[in-house]
Amino acid sequence: MSVVQLIKKLKSANELNPAGRVEFKANGRPVPELKIRQSSRDKDKEVHRNFRMSMYDLASWMCGCELTDSLYCFVCLLFTDDPLWCVTGVKDLKHLKERIRKHSLSADHMKCSIDYAMIDSADVRLQLDSAYRKSVTDFNELVSKNRYILNKMIDCVKFCGAFELALQENGEAYSGTPGAFRGLIDFVAELDPIFKEYMENSIILKGTSKPIQDELLDAMLMVAQEQIKREILSAKYVALHVEEVIDASDKALMAFIVRYVLSGTLHERFLKFVSPPGTSDQQIASMILQELENLEVNKCPEKLIGQSYDRASSSGGKLGGVQKRVREHYPSAKFIHCYASPISSIVQKAASQEKMVRVFFANLSGFSRFFDESPKRTATLKEFVEIRLLKASPANWSFHSGCMDIVFFYRKDIALCLERIIEVEKDPDTINQAICLSGFLQNEDFLYWLNFFHLIMPHCDILFNELQKRCIDVSSAKTFLDAFKSSIKAVRENTLRDSEQSFACENSNRRRKIEDTKRAAALEVCDLITVEITNRFGFCDHLVINQLFYSDQFVFYKNMFPDNILALIKKNFPSINHSKLKTELQVIYDREDFRVSSGAIPMLKLFMNNNLSETFSESVKLLTMLCTLPMTTTESERCFPTLKRVKTFLRNAMGQQKLSALALLSVEKSLINEMGDFNERVIQHFANLKMGQIDLKFKDI
């Protein structure tokens, strides 16, 4: 069998591999003596043509087969099946030059010529010498070691984040005491000889260096946020909560928290801290819209069904402006009051638009700070008052309400305590502060506002407690809100009337003018409180709709279907098929086995766990919406517990990016633990950040 026949046979059996082509090329093209004889008439003359060996010189790629007495293209034989030059062969000696020229210019031949030329390169790759293979193997071993060390460092950072520990302490370099992260690195090194040796000898990857720590945090933050973004894209609905907070450096930050239901499970995720570009409603709304665009929620505006804000521009106009601007882009995003915030905090923030009220609350905070700063003063206070003043904290939302009650009921005892401190204290600053606080307790303006807000705050607590009750209907919610507004109106009228009677006998025009100013301020405060409460609770229908899934009401609903609640669903959630929903609810109320679960979240889990999501499609859709929207704090899953944990990081005066990363590692540690490939993904991001400075990517042999 000739070489040409062998190549054709191997190709037909799919056995012509790269190694075979290398061997055929090394042996060269076959150029046997052929017995081609061709006779033809040319101008009435008989012409005889015979094959000559010099014909192989016409093309460097031309070869021959002695069995078929034909010429072939050796280059194309190895790669393609050209009908003429690879299958039948060429015997036409008369037109041989023309056929050679035409074949040389064909695209297929050119491609085969390139592949033929690259056979030598392939041979080099296939026959790598042992030295090169060893270098690649050694490099991959180094990469494995680097990734192993980096994996240990990531675990140390995760530990610090999970337990809310700063990576570096202030003055760490001078105190001689390592911070939490460095201490963990040293501890791991004592347990792991490989890690210890690496940390002692490594020049680039020094885990205790601040740049490495920051880059690790950046990579971990990026991986976690990408996971949350993927979950949001998979979720059908999402709700947004934005909280304005103040860090230890008195810098305003916006904490972004998202809520969504995925596979029947409610998720509430802290996303990041963002520095607002300004305090206007337009600037805050633009920042919120940008973050929603980063999450790709803008691709499906109907996905955002709820928005909630607290402490961020709390006045009616600004808050109304923010939620209104967001709803221009996301019409389904209903504004919902943050039920994690007591009503008293809303009242205090609304009232603080008045200068005199802001001064009052600032002076009120001075009592707590004065006694909290010194154990000696606290002990002195305890001799007169058994109840300790609440500690002033940005995270303690009910601080002013509680502190106000204590100062109001025990102001005489606190005054005696301050007099004692003035008598026995030797520190001039302490004496000065005590004199100032004692003056507040005798100041008519301070006492006026203390009495005024002491009359208002109890009504706030009553409204807050009533709205937290599990069974609440539309009429009850409206009754409680109307009662609160009536109480505020009554307090306003009584306070102004009593104040006017108290100073009716005063003849001083200056005195009368001061009193008129306070009355006008009190009138405006009451109006602000009423407007703010009206705006805050403009939408609370979801609280009522949630009652459809209270199992203790199923027997009652079976006999008398709650058409009034169904009307609320038609009003607020028009995308739901209401007739099918009513049929599904009637089936639920009729069956006793559905009464084992009560509430939106348990009922949704019941449907998902028993593969009933398609049968009760509209109920699942409604439950998903209700679970996504923030509910009352009586159900622990339905408030914003995430926000309370985020606030613990405001003690740290660190950068925004680093603060976000550490807060996310702590708040969302369950999410990170569920991600089995979290460390690997962080290493991949870290490798891209370092851009080849550290060998973290494997090579293929």
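Residues numbered from 1 in each chain as written. Predicted model: local features only at pLDDT ≥ 70, side-chain atom pairs only at ≥ 80, totals over all residues. Heavy atoms only, no water.

Chemist: What's the story with the overall build of the protein chain in this structure? I'm lost.
Modeler: In terms of regular secondary structure, the protein chain is built from 33 helices and nine strands. Going through the 701 residues of the protein chain one by one, you find that 49% of them count as buried. Here the analysis covers contacts within the protein chain between residues at least 6 apart in sequence; of these, 70% occur between residues at least 24 apart. Of the roughly 34,600 Å² of accessible surface on the protein chain, a fraction of 52% belongs to carbon and sulfur atoms. (Helix = DSSP H or I, 4+ residues; strand = E, 2+ residues; numbered from the N terminus. Buried < 20%, exposed > 50% of the residue type's maximum accessible area, 1.4 Å probe, protein only. Contact = heavy atoms within 4.5 Å. Areas by Shrake-Rupley, 256 points an atom, 1.4 Å probe, with all protein chains shown as cover.)

Chemist: I'm lost on the side chain of E268 in this one. Help?
Modeler: With respect to the element layout, E268 can be found in strand β7 (residues 265-274). In terms of polar contacts, E268 uses its side chain to reach the side chain of R259, at 3.0 Å. (Polar contact = N/O pair within 3.5 Å; in protein donor to acceptor, adjacent residues only side chain to side chain.)

Chemist: How do you make sense of the pairing of strand β6 (residues 252-262) when you look at a structure like this?
Modeler: A regular strand places its side chains on the two faces of the sheet in alternate fashion. By the criterion of burial, β6 is predominantly enclosed, with 10 of the 11 residues buried. Bridge analysis of β6 against β7 gives nine bridges, and the strand direction is antiparallel. Considered in β7, the bridge of A255 is made with F273. Linking β6 back to β7 in an antiparallel pair, the connection comprises two residues, with S263 at a positive phi of about 55°. (Pairing = 2+ DSSP bridges.)

Chemist: Would you explain the nonpolar core in this entry?
Modeler: Within the largest apolar cluster, 74 residues are counted, with the highest numbers of intra-cluster contacts made by F256, I288 and L304. At 10 residues, helix α12 (residues 210-234) tops the list of elements feeding residues into this core. Among residues more than four places away in sequence, those in contact with L304 are V238, A239, L240, L292, V297, V326, Y330, S332 and A333. In this structure, V357, I456, I488 and V491 belong to the second largest nonpolar core, which totals 42 residues. (Core = buried A, V, L, I, M, F, W, Y, C linked by side-chain atoms within 4.5 Å.)

Chemist: For this particular structure, what's the right way to read the confidence of the model for the protein chain?
Modeler: Low pLDDT means the predicted atomic positions in that stretch should not be read closely. Per-residue pLDDT for the protein chain has a mean of 79; in total, 79% of the residues score no lower than 70. Across the protein chain, the element-wise mean pLDDT spans from 48 in helix α30 (residues 641-646) up to 93 in strand β4 (residues 70-73). When the criterion is pLDDT under 50, residues 312-319 qualifies, and its contacts beyond four places in sequence or with other chains add up to 23 contacts. (pLDDT = per-residue confidence, 0-100.)

Chemist: Help me out: how do you make sense of helix α6 (residues 107-117) in this one?
Modeler: One turn of the α-helix equals 3.6 residues, which is why residues spaced by three or four share an orientation. Inspection of α6 places H109, C112 and Y116 among the buried residues, and these make up the whole buried set. Looking down the long axis of α6, one finds its buried residues gathered within 65° of arc, a one-sided arrangement. What points out from α6, more than 90 degrees from its buried face, is the exposed set K111 and I114. (Arc of directions from axis to C-beta.)

Chemist: Where do I start with the side chain of S619 in this structure?
Modeler: Along the chain, S619 falls in helix α29 (residues 617-628). A distance of 2.7 Å separates a polar atom in the side chain of S619 from a polar atom in the side chain of E584. Sequence-distant contacts of S619, defined by excluding residues within four places in its chain, comprise L581, E584, L585, I588 and F607.

Chemist: Mind showing me how you'd approach the pattern of salt bridges here?
Modeler: Charged atoms that come close allow side chains of opposite charge to pair. On inspection of all chains with the given rule, the structure shows 20 salt bridges. Close ionic contact of R101 with E98 constitutes a salt bridge, the shortest N to O distance being 2.8 Å. With R101 and E98 both in helix α5 (residues 96-104) and three residues apart, the pair spans about one turn of that helix. Overall, E98 belongs to the partly exposed group, its relative accessible area being 43%. Between D155 and K158 there is a salt bridge whose closest N-O contact spans 3.9 Å. Here K158 and D155 lie together in helix α8 (residues 130-162), a separation of three residues that amounts to about one turn. D155 sits in the partly exposed class, given a relative accessible area of 32%. Where salt bridges share partners, they join K229, E296 and K299 into one cluster. (Salt bridge = Lys/Arg side-chain N within 4 Å of Asp/Glu carboxyl O.)

Chemist: Is there a simple way to think about the packing of helix α19 (residues 411-424) against helix α20 (residues 428-440) in this case?
Modeler: Any two packed helices are characterised by how steeply their axes cross, that is the angle between the axes, and by the distance between the axes. The contact between α19 and α20 brings their axes to 9 Å, and the two run at 155°. Between α19 and α20, the crossing angle belongs to the class labelled roughly antiparallel. Of the two possible hands of crossing, α19 and α20 adopt the one that is left-handed. Residue-level inspection shows L418, I421 and I422 of α19 in contact with α20, the latter providing T430, I431, A434, I435, L437 and S438. (Axes fitted to C-alpha atoms, helices over the stretch in contact; angles between N-to-C directions. Parallel < 35°, antiparallel > 145°, perpendicular 65-115°, else oblique. Left-handed = near helix turned anticlockwise from the far one by under 90°.)

Chemist: Mind showing me how you'd approach the pairing of β4 here?
Modeler: Where burial is concerned, the two faces of β4 agree: the one with S70 and Y72 and the one with L71 and C73 are both buried. Bridging between strand β3 (residues 62-65) and β4 involves four bridges; their strand directions are antiparallel. Residue pairing in the sheet places C63 in a bridge with Y72 of β4. Count of turn residues in the β3/β4 antiparallel hairpin: four residues, of which D69 carries a positive phi of about 50°.

Chemist: Just to check I follow, could you spell out the packing of aromatic side chains for this structure?
Modeler: Centre-to-centre distance and the angle between the planes together describe a pair of aromatic rings. Under the criterion given, the structure shown has 25 aromatic pairs. On the numbers, 5.2 Å between centres and 90° between planes, the contact of Y448 with W449 is edge-to-face. Residues Y448 and W449 agree in their burial class; the two are buried. Where W449 meets F452, the ring centres are 5.5 Å apart and the plane angle is 90°; that geometry is what we call edge-to-face. Taken together, the residues W449 and F452, both in helix α21 (residues 444-467) and three residues apart, mark about one turn of the helix. (Phe/Tyr/Trp six-rings, centres within 6.5 Å; stacked < 30°, edge-to-face > 60°.)

Chemist: What should I look at first to understand the packing of helix α26 (residues 563-572) against helix α27 (residues 578-590) in this one?
Modeler: Where α26 meets α27, the axes come as close as 11 Å, and the angle between the chain directions of the two elements is 145°. As for the relative orientation of α26 and α27, their crossing is right-handed in sense. On the side of α26, the interface is formed by D563, L566, I569 and K570, while α27 contributes H578, L581 and K582. Here the contact of α26 with α27 is composed, by residue class, of three nonpolar, one polar and three charged. (Nonpolar A, V, L, I, M, F, W, Y, C, P; charged D, E, K, R; others polar.)

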